Amino acid sequence: MPKTILITGATSGFGSACARRFAAEGWKLVLTGRRKDRLEALQAELGRAVVAIRALDVREREAVEKGFQDLPQIDVLLNNAGLALGMEPAWQANLDDWETMVDTNVKGLMYCTRALLPNMVERNQGHIINIGSTAGNWPYPGGNVYGGTKAFVQQFSRNLLADLLGTRVRVTNLEPGMAKSEFSDVRFKGDTKRAAQVYSGTEPLLPEDIAEIVFFVTSLPPHVNVTTMEIMPSHQSWGGLAVHREA
Ligand code: NDP
Ligand code: 8X3
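What you see is a predicted model, and the numbers here were worked out from it, not measured in a lab.

1. With respect to the packing of aromatic side chains
Note on aromatic pairs: each is described by the distance of the centres and the angle between the planes. If you walk through the whole model with that rule in mind, you get five aromatic pairs. Between F22 and W27, the ring centres sit 4.9 Å apart and the planes meet at 85°, which makes this aromatic pair edge-to-face. Here F22 falls in the buried class, since its relative accessible area comes to 0%. On the basis of relative accessible area, W27 is assigned to the buried category, the value being 11%. Between the aromatic rings of F22 and F215, the centroid separation amounts to 5.3 Å while the plane-to-plane angle is 75°, which identifies the pairing as edge-to-face. Remark: F215 occurs in helix 8 (residues 207-219) and F22 occurs in helix 1 (residues 13-24); sequence separation between them is 193 residues. What makes F215 buried here is its relative accessible area of 13%. The ring of F215 has R21 lying over it, and the distance from NZ or CZ to the ring centre is 4.7 Å.

Laid out in structure tokens, this is it:
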């Protein structure tokens with residue numbers, strides 16, 4: 001019996017790559033995201049692997065609750081939908097952008113998890129994979145609320161596992177570093193030149209790299225739970241602590 005993965009944010013980047021990777025392995029897919037045309041295009045591409053699409057905004061609690069009803073049994077929930085907006089210092093950042101990041105990366109992830117977790121616990125089987133970030137582990141200038149949302153994802157993942165002890169429901173937090181997708185186009189609000197500069201002269205992670213790791217953690221035997229994995233491109237490392245010196 002093929003397994004089914006529900007992917008949030010399947011219309012782009014990591015989510016689309018995961019859809020293709022799991023379809024290639026014979027999995028069934030439930031694909032979600034706001035852009036219905038992209039969901040339909042992916043459905044046309046992947047054919048019968050796609051058992052349902054749900055065009056919804058994860059920030060809308062009722063839409064998630066309703067959209068996640070009447071689905072086939074979900075074996076893996078990939079909480080991938082998310083975004084960064086802006087990179088200004090905290091005192092100049094746009095408060096609406098901050099709210100959008102919290103509503104999407106924190107509250108949207110909560111809604112999706114809460115909608116599917118009871119059935120997983122009831123069946124004593126399932127896997128929740130959250131897409132955190134290196135930004136949840138390591139601060140950087142302009143990372144302010146985005147990094148804060150990903151730190152939430154990290155601790156929420158751990159606390160889920162604390163609650164789930166004694167069940168066979170797994171929880172994994174994947175923490176990618178710099179990866180080339182639409183992420184920077186979204187962050188810099190369509191300023192494609194600035195977005196391209198993020199990856200200029202480097203070899204970033206690709207969505208397919210993340211899809212490979214998502215598939216790997218799901219394919220381990222059920223008694224093996226990868227709790228956390230941080231993944232960076234070879235071209236990335238830490239910068240050390242910053243020191244301000246008076247001239
Ligand atoms: P993309 O911008 O390419 O994809 C983001 C996806 O999230 C899209 O499918 C988008 O779909 C979906 N999404 C955004 N907001 C909402 C919403 N309100 N409701 C439903 N879906 C939404 O970026 P990535 O693939 O890179 O990002 C995927 C995840 O990985 C994010 O959580 C991001 O924070 C994280 N990440 C990215 C890294 C990177 O460097 N790229 C590194 C570490 C983590 P749609 O617009 O159609 O709704
Ligand atoms: C995305 C990685 O470094 O742009 O989560 O915050 S970073």
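2. Here we look at the site of ligand 2
The environment of ligand 2 is formed by S133, A135, Y140, Y146, F183 and R187. Residue S133 places a side-chain N or O atom 2.5 Å away from an oxygen atom belonging to ligand 2. Separating an oxygen atom of ligand 2 from a side-chain N or O atom of Y146 is a distance of 2.6 Å. Coverage of ligand 2 by the protein amounts to 79% of the 240 Å² it exposes when considered alone. Residue composition of the shell around ligand 2, by class: four nonpolar, one polar and one charged.

3. Some words on empty space enclosed by the protein
If you walk through the whole model with that rule in mind, you get one cavity of 30 Å³ or more. In this structure, the largest cavity encloses a volume near 30 Å³. In terms of lining residues, the largest cavity is bounded by T8, V58, N79, N80, A81, T104, G108 and L109. The element that contributes the greatest number of residues to the lining of the largest cavity is helix 4 (residues 95-123), accounting for three residues. Taken together, the residues of the lining of the largest cavity break down into three nonpolar, five polar and no charged.

4. Some words on the side chain of S157
With respect to the helices and strands, the residue S157 is situated in helix 5 (residues 144-164). In terms of polar contacts, S157 uses its side chain to reach the side chain of N130, at 2.9 Å.

5. Some details on unusual backbone geometry
The residue N124 is not glycine, and still its phi comes out positive at about 55°. Checked against the element boundaries, N124 lands in the loop between helix 4 and strand 5 (126-131). By relative accessible area, N124 is classed as partly exposed at 34%. Backbone geometry places K189, a non-glycine residue, at a positive phi of 55°. Mapped onto the fold, K189 is located in the loop between helix 6 (183-187) and helix 7 (192-199).

Conventions adopted
- Residues numbered from 1 in each chain as written.
- Chains lettered and ligands numbered in written order.
- Predicted model: local features only at pLDDT ≥ 70, side-chain atom pairs only at ≥ 80, totals over all residues.
- Heavy atoms only, no water.
- Phe/Tyr/Trp six-rings, centres within 6.5 Å; stacked < 30°, edge-to-face > 60°.
- Buried < 20%, exposed > 50% of the residue type's maximum accessible area, 1.4 Å probe, protein only.
- Helix = DSSP H or I, 4+ residues; strand = E, 2+ residues; numbered from the N terminus.
- Lys NZ or Arg CZ within 6 Å of the ring centre and 35° of its normal.
- Near = heavy atom within 4 Å.
- Polar contact = N/O pair within 3.5 Å; in protein donor to acceptor, adjacent residues only side chain to side chain.
- Areas by Shrake-Rupley, 256 points an atom, 1.4 Å probe, with all protein chains shown as cover.
- Nonpolar A, V, L, I, M, F, W, Y, C, P; charged D, E, K, R; others polar.
- 1 Å grid on protein atoms, 1.4 Å probe; cavity = no way out; pocket = protein on both sides within 12 Å on 5 of 7 lines; lining within 4 Å.
- Points joined across faces, edges and corners; volume = space filled by probe spheres on them.

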